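Close look at the chain arrangement
Now for the letters of each chain:
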Amino acid sequence: YIKTNQLSDRSVIVQMFEWTWLDIAAECENFLGPNKYGAVQTSPATENVIVRLNTTRPWYERYQPISYKLTTRSGDEAAFLNMTTRCNKVGVRIYVDVVFNHMTGSHNESIGTGGSVATTQNNSYPGVPYTDEHFHHPECEISDYNNATEIRVCQLSGLKDLNQTIPYVRQKIIDYLNNLIDLGAAGIRVDAAKHMWPEDLNEIYKNLHNLNTNHGFRRNSRPYIYQEVAKDGVVTYNDYKDMGDITEFTAGNEIAQFFSGQKPLKNLSFYGGTGLDMMPSENAVVFVDNHDTQRASGILTYKNETIYKAALAFLLAHPYGQARITSSFYFTDFDEGPPANADESIKGPVINSNNQCTQESGWVCEHRWDTVARMVRFRNEVHKTQVANWWDNGNNQIAFSLDNKGFIAFNLEGTAMNTTLQTGLPAGTYCDIRSGKVQGTTCSGKIVAVSNTGQAIVTLSADELYLAVHVGTDS
Ligand code: LM2
Ligand code: CA
């Protein structure tokens, strides 16, 4: 049994932030399936309140549900089913971002993307329906993260806080999640999990349906659950980790510090260990950035393209955790929503002749970057191996193998590297997947020649940040 419900030759989640269901469906067929991505994390599927700022519909309106009807700017229920059907057919699973800690914030006028209305002043959401009695009282704002009760029963940024201890509320949430599962979803990313009582979540999770066998899932498959639990204050992942996986924010924080030169790479030998208070590998979802952290500071994103690619290579090469990458749209302001047409509908990506999304289309499409797609394949090839043959120069050059399946070396020293290292690999001529790829019988990039004893000369110039080879790129 595979907890994530991904196919056994796949291992990476891609968050397709703000993509529409039909664009995701096409991307599954055209790129994600053929390149063996394991799963897509979608934006929230439930109807949300429409928020209009001066020039934009902010992305964050999707985190303010107004009903559990599946109509958003990403599409309606029929489009959702179209997506799960087409993605499952090419072996790509759909995990849905689910928001049920809260409903909307306070708005003078509240109209939803599916036509539902709400009177937020009275906590009235007829589209579900929820009324005042279904929310926590008295209303309060979370301010003390050392108070476990406050974190659960007060409001997060003024968002109307649902009381999941009430059986009626729980049942509404269960019905909504089961609708997604019946429609072919394979898992959920639980938004704001740490703001709900673990016992209430457990009750909800227990009542979820098995996955829909009409979508190719094995009988009795359980939905994959991973929960957003940020690391601040008195509520920790320990209360949640036995019910589902946890987003491990330390990974992205640490990777940013190492790859932007604040800590020497040699200390990455501790990555994933208990010293950093990181989750056990089998419970952690790890990422360099997500839609929240890429709008905060101290995190690497597409805006630092070169080191970001090296950071993603590390994330994807290292066996720690369930890896997730983020596919973004270009933005400058925090609020800025996805690329949209004049009628406010979300624009689709435009793919150029190099199989990349055009900048003019507004979509970054990190998942299509050659080096990223090849590292996804690397991770699939080395799946279930361990770090071996660790080497470092005592500073900013490191290398390690993944048992005898893959080998990666990083050079952030600022000077050239030219060192003979043990790669752990069978003898052969391997093709570096950062600088090129195998094309028929030739390699368009750097060649790494591994001797009968597994050794190779590793050369990286001052501005070549890494090289990576794996079995399957040898000749
Ligand atoms: C999350 N994970 O646990 C999401 O990843 C994160 O993106 C969500 O916040 C958060 N939890 C709640 O679902 C985002 C965004 C907030 C935004 C909320 C709701 O980061 O800034 O808050 O969604 O849309 C916005 C305004 C805020 C206002 C609030 C209520 O930015 O100023 O607070 O709406 O109207 C008065
Ligand atoms: Ca709550």
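Residues numbered from 1 in each chain as written. Chains lettered and ligands numbered in written order. Predicted model: local features only at pLDDT ≥ 70, side-chain atom pairs only at ≥ 80, totals over all residues. Heavy atoms only, no water.

**Observations regarding the sheet that holds strand β11 (residues 387-392)**
Rules: A strand pair is defined by DSSP finding two or more bridges across the two strands. Secondary structure follows DSSP: runs of H or I at least 4 residues long count as helices, runs of E at least 2 residues long count as strands, and numbering of each begins at the N terminus. In this description, a line fitted to the C-alpha atoms serves as the axis of each element, helices being fitted only across the stretch in contact, and the angle between N-to-C directions of two axes falls anywhere from 0 to 180 degrees. We call two residues in contact when some of their heavy atoms are within 4.5 Å.
Sheet architecture is open: four strands sit in the order β11-β12-β13-β20, paired in antiparallel fashion. The open sheet is flanked by β11 and β20 (466-470), the only strands paired with a single partner. Geometrically, the sheet is characterised by an average inter-axis angle of 10° between neighbouring strands, direction not taken into account. Relative to β20, strand β13 (residues 406-411) runs antiparallel, the two sharing five bridges. If you follow Gly406 over to β20, its bridge partner there is His470. Contacting β12 (397-402), β13 and β20, helix α8 (residues 370-382) crosses the sheet at an angle of about 45° to β20.

**Points about the coordination of the calcium ion (ligand 2)**
Inclusion rule: A 2.8 Å cut-off from the metal defines N, O and S donors, relaxed to 3.2 Å for Na, K and Ca; water is not in the atom list, so some sites may appear incomplete. Buried, partly exposed and exposed residues are distinguished by accessible area as a fraction of the type maximum, computed with a 1.4 Å probe on protein chains only: under 20%, between the cut-offs, and over 50%, respectively.
With distances of 2.4 to 2.6 Å, the protein atoms coordinating the calcium ion (ligand 2) are Asn101 (OD1), Arg152 (O), Asp161 (OD), Asp161 (OD) and His195 (O). One chain supplies every donor for the calcium ion (ligand 2), spaced along it as N-x50-R-x8-D-x33-H. On the criterion of sequence distance, the pair formed by Asp161 in the loop between α3 (148-153) and α4 (167-182) and His195 in the loop between β6 (187-190) and α5 (198-206) is long-range, its members being 34 residues apart. The same class applies to Asp161 as to His195, namely buried.

**Regarding the packing of helix α1 (residues 21-32) against helix α2 (residues 77-89)**
Convention followed: Oblique is the label for any angle not under 35 degrees, not over 145, and not in the 65 to 115 range, which are roughly parallel, roughly antiparallel and roughly perpendicular in turn. All amino acids are sorted into three groups, where Ala, Val, Leu, Ile, Met, Phe, Trp, Tyr, Cys and Pro are nonpolar, Asp, Glu, Lys and Arg are charged, and the leftover types, Gly among them, are polar.
At their nearest, the axes of α1 and α2 sit 8 Å apart, and the two run at 10° to each other. Accordingly, the angle class assigned to the pair α1 and α2 is roughly parallel. Across from Trp21, Leu22, Ile24, Ala25, Ala26, Cys28 and Glu29 in α1, the residues of α2 making contact are Ala79, Phe80, Asn82, Met83, Arg86 and Cys87. For the contact of α1 with α2, the residue count by class is ten nonpolar, one polar and two charged.

**Digging into the state of the cysteines**
Going by this rule: Only a pair of cysteine sulfur atoms within 2.5 Å counts as a disulfide in this structure description.
Tallied over the full model, the rule gives four disulfides. Between the sulfur atoms of Cys140 and its disulfide mate Cys154 the distance is 2.0 Å. Taking the sign of the S-S torsion, about -90° here, the bridge from Cys140 to Cys154 comes out left-handed. Linking Cys140 in the loop between β5 (117-118) and α3 with Cys154 in the loop between α3 and α4, this pair joins segments that are 14 residues apart in sequence. Take Cys140: its relative accessible area is 26%, and that puts it in the partly exposed class. Among the cysteines of the protein that take part in disulfides, numbered as they appear in the sequence, the pairing is 1-2, 3-4, 5-6, 7-8.

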